[in-house]
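# Breakdown of the fold
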Amino acid sequence: MVDDTAVLIVGAGPAGLVLGNLLLAEGVDTLIVERADRARVQARARAGFLGPNSARILTEHGLGAGMLHNGRPHGTCAFRYADGEFELDYGTLGPGEPHTVYPQQDLVTDLVAEYLDRGGDLRFGVTVTDVDPHTGAVAYRDANGAGQATARFLAGCDGGNGVTRTAIPACSVRRHARDHGTAWLAVLAEAPQSMSAVTYAIHDNGFAGHMARGPEVTRYYLQVPPGDDAVAWTDERIWAELNTRMRTEVFGPLRRGRITERRVVRLRSEVVDPIHHARLFLVGDAASVISPSAAKGANLAIMQAEVLAGALAAAINHGDDSALAAYSRTCLPRIWRAQEFSHWMIDLLHGPAGPDQGYQLGLRRARLRSLRDSRAHQHLFAEHYVGI
Ligand SMILES: Cc1cc2nc3c(=O)[nH]c(=O)nc-3n(C[C@H](O)[C@H](O)[C@H](O)COP(=O)(O)OP(=O)(O)OC[C@H]3O[C@@H](n4cnc5c(N)ncnc54)[C@H](O)[C@@H]3O)c2cc1C
């Protein structure tokens, strides 16, 4: 392995790959290590909605060719509930910007190719087992056994269950966490969109969601009890429950297709504060886990990667550490703003629980009516929905 690289990045997800590409463009000596193999990394279907800030970053840095060619603008979402349905053209409200629908696995594939084409060093099949934020030493395991590497700076881009976030001593960090007490069955179907809009269905059986991913692929979500087994959700049961919660008898049928993924995602949120310790900087899910309810995770990762790349380049190329010292302060308010909106969405979408159910139902109805009827509320929603 390489010793004394300027920046060693742990993890080749959206965070690590955007950071790596931006550092290469600045001429910074960079190494990315990733525990999975290339095929696995490029096949992981997760996010799909890129906000305008992500699209800008990718385009400005020459990383957006695939997104610009194959991505599709998306600016409408719909809410279905007992009183009917209403649509919000959020792409024309607030800042007036839509999302770009571009599957995360396609973005990751583009970013890997771009990084390697630019001469970047990326090692697959390398699992980091320990990092020392003070010395910049990294212990790893690969097909040849155990090894050590060192770097001037470490970027923890290894996701919400990675090792880098646990390397910050407990006395130097606060971990603010919430388990939302519910889970989503995340489903991918080989089927075109059934509706033209992202659709959030609120039903007594629980939440159901419909989100475009590609011309022939649609993501669906079903709220399920935490701990539910995805295997118990047969194709028939999934489509039946989607039909019920999406009220297809009123709004028309869903376009069915082969189900290629079903997995239970527990809704939890966590913010690490600060996201910097000594030589270690956390980026993306390593810094903050956010529920998929508002499609913010990949967008936060890309935002932080841009901030950190600029700060590292200033420190390494020009000896100016000021942006690096401010990294946590710069990113955390934006992370918390996304958390706040995501939390608001969770409250809106999920069925009430506990002894005050009637009160919670009343609140939800009031929120939906406000969103349906208040132009000011719609503009604010749009600003939060697409913004970081
Ligand atoms: C079902 C679902 C739907 C989602 N939808 C959206 C959406 O629409 N919009 C959105 O913005 N976000 C969405 N997200 C969230 C988004 O996918 C994540 O926020 C995003 O992947 C975070 O990127 P990351 O690079 O920080 O982490 P990851 O993508 O998790 O990448 C981390 C990488 O680190 C590697 N790694 C881990 N440990 C080690 C180790 N010890 N050594 C070496 N490598 C290691 C992993 O193999 C992985 O490749 C969704 C998430 C899920 C689960």
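Quantities reported herein were computed from a predicted structural model and do not represent experimental measurements.

### Quick notes on the sheet that holds strand β4 (residues 72-74)
Sheet architecture is open: 3 strands sit in the order β3-β7-β4, paired in antiparallel fashion. On the outer flanks of this sheet lie β3 (49-50) and β4, each paired with one strand and no other. Direction of pairing for β3 relative to strand β7 (residues 99-101): antiparallel, over a ladder of 2 bridges. Across the sheet, leucine 50 pairs through a bridge with threonine 100, a residue of β7.

### Let's talk about the packing of aromatic side chains
By the definition in use, this model includes 16 aromatic pairs. Ring centres of tyrosine 81 and phenylalanine 86 lie 6.0 Å apart, and the angle between their planes is 90°; this geometry places the pair in the edge-to-face category. Grouping residues by exposure puts tyrosine 81 and phenylalanine 86 together as buried. Measuring from ring centre to ring centre gives 4.9 Å for phenylalanine 381 and tyrosine 385, while their planes differ by 25°; the resulting arrangement is stacked. Linking phenylalanine 381 with tyrosine 385, this pair stays in helix α12 (residues 375-386), spanning 4 residues, or about one helical turn. Overall, phenylalanine 381 belongs to the buried group, its relative accessible area being 3%. Sitting over the face of the ring of tryptophan 233, arginine 237 holds its NZ or CZ atom 3.7 Å from the ring centroid.

### Topic: the packing of helix α11 (residues 357-373) against α12
Between α11 and α12, the shortest axis-to-axis distance is 6 Å and the interhelical angle comes to 95°. When the interaxial angle is binned, α11 and α12 end up roughly perpendicular. Packed against α11, whose contacting residues are Arg367, Ser370, Leu371, Arg372 and Asp373, the element α12 presents Arg375, His377, Gln378 and Phe381 at the interface. Split into classes, the residues belonging to the contact of α11 with α12 amount to 2 nonpolar, 3 polar and 4 charged.

### Some words on the site of the ligand
Close contacts around the ligand come from 33 residues, with Glu34, Arg44, Gln104, Asp285 and Ala298 the closest. For the ligand, an oxygen atom lies 3.2 Å from a polar atom in the side chain of asparagine 299. With the chains in place, 95% of the 1,000 Å² that the ligand exposes on its own is no longer accessible. Within the residue set of the shell around the ligand, elements represented by two or more residues are α1 (14-25), β2 (30-34), β9 (127-132), β15 (217-224) and α8 (297-318). With 3 residues, the single largest contributor to the shell around the ligand is α8. In terms of residue class, the shell around the ligand is built from 14 nonpolar, 9 polar and 10 charged. Structurally, the shell around the ligand is a two-domain feature, drawing no fewer than three residues from each of domain 1 (5-74 + 98-178 + 268-345) and domain 2 (180-267 + 356-386).

### Topic: the nonpolar core
In terms of nonpolar packing, the biggest core is built from 73 residues, with Leu8, Leu19, Ile275 and Leu308 touching the most fellow members. Among the elements that take part in this core, α8 stands out by supplying 12 residues, more than any other. Leave out the neighbours within four places in its chain, and leucine 308 touches Leu19, Ala155, Phe281, Val283, Leu324 and Tyr327.

### Some thoughts on the domain arrangement of the protein chain
One can read the domain layout of the protein chain as domain 1 (5-74 + 98-178 + 268-345) and domain 2 (180-267 + 356-386). Across the contact, 26 residues belong to domain 1 and 28 residues belong to domain 2. Counting each side, the surface lost to burial between domain 1 and domain 2 is near 2,200 Å², with a carbon and sulfur contribution of 59%. Counting across the domain 1 and domain 2 interface gives 1 salt bridge. Its salt-bridge partner being glutamate 383, residue arginine 337 comes within 3.1 Å of it at the nearest N-O pair. The interface formed by domain 1 and domain 2 holds 10 residue pairs in polar contact (both at pLDDT 80 or more) in total. Counting only elements with at least two residues in the side of domain 1 that touches domain 2, the list comes to β4, β7, β16 (258-273) and α10 (327-349). For the side of domain 1 that touches domain 2, the leading source of residues is α10, giving 6 residues. When grouped by side-chain class, the residues that make up the side of domain 1 that touches domain 2 number 11 nonpolar, 8 polar and 7 charged.

Procedures and definitions
Residues numbered from 1 in each chain as written. Predicted model: local features only at pLDDT ≥ 70, side-chain atom pairs only at ≥ 80, totals over all residues. Heavy atoms only, no water. Pairing = 2+ DSSP bridges. Helix = DSSP H or I, 4+ residues; strand = E, 2+ residues; numbered from the N terminus. Phe/Tyr/Trp six-rings, centres within 6.5 Å; stacked < 30°, edge-to-face > 60°. Buried < 20%, exposed > 50% of the residue type's maximum accessible area, 1.4 Å probe, protein only. Lys NZ or Arg CZ within 6 Å of the ring centre and 35° of its normal. Axes fitted to C-alpha atoms, helices over the stretch in contact; angles between N-to-C directions. Parallel < 35°, antiparallel > 145°, perpendicular 65-115°, else oblique. Contact = heavy atoms within 4.5 Å. Nonpolar A, V, L, I, M, F, W, Y, C, P; charged D, E, K, R; others polar. Near = heavy atom within 4 Å. Polar contact = N/O pair within 3.5 Å; in protein donor to acceptor, adjacent residues only side chain to side chain. Areas by Shrake-Rupley, 256 points an atom, 1.4 Å probe, with all protein chains shown as cover. Domains from an automatic or database assignment. Core = buried A, V, L, I, M, F, W, Y, C linked by side-chain atoms within 4.5 Å. Buried area = accessible area lost by both parts, 1.4 Å probe. Salt bridge = Lys/Arg side-chain N within 4 Å of Asp/Glu carboxyl O.

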